[in-house]
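A closer look at the structure
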Amino acid sequence: MSGGYHTSWKVPAEHQQDPAYRAAGRRMDFAQAVYERRSALGWSTAELARRADMSEEDIESIEESGVDPSLELIERLASALESGARIDPHATPEFRFEGHAA
């Protein structure tokens, strides 16, 4: 019989270096970055879709970690989100959008 809930996941080091694992992590970080910046601006997914000239379904798919972040997509969303993009594979999260300084 089990005696509790997991409080954290331990991922073996060999899995952390697996390209599929790393790609999934990038998608998740990208999704979180888009969601956080959009939310900070007070925008709906429809508003971001309009500003990025994309469909609302595209934005929802991105925010559900369903899209690999290509350079073209990052640039498009950074412009629409009135921000710059920071990618640092040595940080957690690896990806974030940052508003431009006033």
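Predicted model only: the values in this text are computed from it and were never measured. (Residues numbered from 1 in each chain as written. Predicted model: local features only at pLDDT ≥ 70, side-chain atom pairs only at ≥ 80, totals over all residues. Heavy atoms only, no water.)

**Looking at the pattern of salt bridges**
This model, assessed by the stated rule, comprises eight salt bridges. Where Glu94 meets Arg22, a salt bridge forms, and the shortest distance between an N and an O atom there is 3.1 Å. Taken together, the positions of Glu94 in the loop between β1 (83-87) and β2 (95-99) and Arg22 in helix α2 (residues 19-40) put the pair 72 residues apart, joining distant regions of the chain. In this structure, Arg38 engages Glu63 in a salt bridge whose closest nitrogen and oxygen atoms are separated by 2.7 Å. Separated by 25 residues along the polypeptide, Arg38 in helix α2 and Glu63 in helix α4 (residues 56-63) bring together distant segments of the chain. Take Arg38 and Glu63: they sit in the same class, and that class is buried. One network of salt bridges, in which partners are shared, links Glu47, Arg50, Arg51 and Glu82. (Salt bridge = Lys/Arg side-chain N within 4 Å of Asp/Glu carboxyl O. Helix = DSSP H or I, 4+ residues; strand = E, 2+ residues; numbered from the N terminus. Buried < 20%, exposed > 50% of the residue type's maximum accessible area, 1.4 Å probe, protein only.)

**Quick look at the environment of Ile74**
Its place among the elements puts Ile74 in helix α5 (residues 71-80). Distance from Ile74 to Phe30, taken between C-alpha atoms, is 8.8 Å for residues 44 residues apart in sequence. When sequence neighbours within four positions are dropped, the list of residues in contact with Ile74 reads Phe30, Pro69, Ala85, Ile87, Phe95 and Phe97. (Contact = heavy atoms within 4.5 Å.)

**Notes on the nonpolar core**
Core analysis: the largest hydrophobic core is formed by 18 residues, its most contacted members being Phe30, Leu48, Ile62, Leu77 and Phe97. Counting only elements with at least two residues in this core, the list comes to α2, α3 (45-52), α4, α5 and β2. At five residues, α5 tops the list of elements feeding residues into this core. In contact with Ile62, other than residues within four places in its own chain, are Phe30, Ala31, Val34, Met54, Val67, Leu73 and Leu77. (Core = buried A, V, L, I, M, F, W, Y, C linked by side-chain atoms within 4.5 Å.)

**Looking at unusual backbone geometry**
Cis geometry marks the peptide bond from Thr92 to Pro93; its omega dihedral reads -5°. Tracing the backbone shows Pro93 in the loop between β1 and β2.

**With respect to the confidence of the model for the protein chain**
In the predicted model, the protein chain carries a mean pLDDT of 87, and 85% of its residues have values of at least 70. Looking over the protein chain, one finds the lowest element-wise mean pLDDT in helix α1 (residues 13-16), namely 69, and the highest in α3, namely 98. (pLDDT = per-residue confidence, 0-100.)

**A few points about the environment of Thr92**
Among the secondary structure elements, Thr92 is positioned in the loop between β1 and β2. Among the residues examined, Thr92 registers a relative accessible area of 81% and is labelled exposed. The sequence separation of Thr92 and Asp29 amounts to 63 residues, and the corresponding C-alpha distance is 8.4 Å.

**Digging into the side chain of Glu94**
When its relative accessible area of 14% is taken as the criterion, Glu94 is described as buried. Residues in contact with Glu94, not counting those within four places in the same chain, are Arg22, Arg26, Asp29, Arg86, Ile87, Asp88 and Pro89.

**Some points on the packing of aromatic side chains**
Under the criterion given, the structure shown has three aromatic pairs. Ring geometry for Phe30 versus Phe97: centroids 6.3 Å apart, planes at 50°, classification tilted. Residue Phe30 is located in helix α2, and its partner Phe97 is located in strand β2; the two are separated by 67 residues in the primary sequence. What makes Phe30 buried here is its relative accessible area of 0%. Under the relative-accessibility criterion, Phe97 is labelled buried at 9%. (Phe/Tyr/Trp six-rings, centres within 6.5 Å; stacked < 30°, edge-to-face > 60°.)

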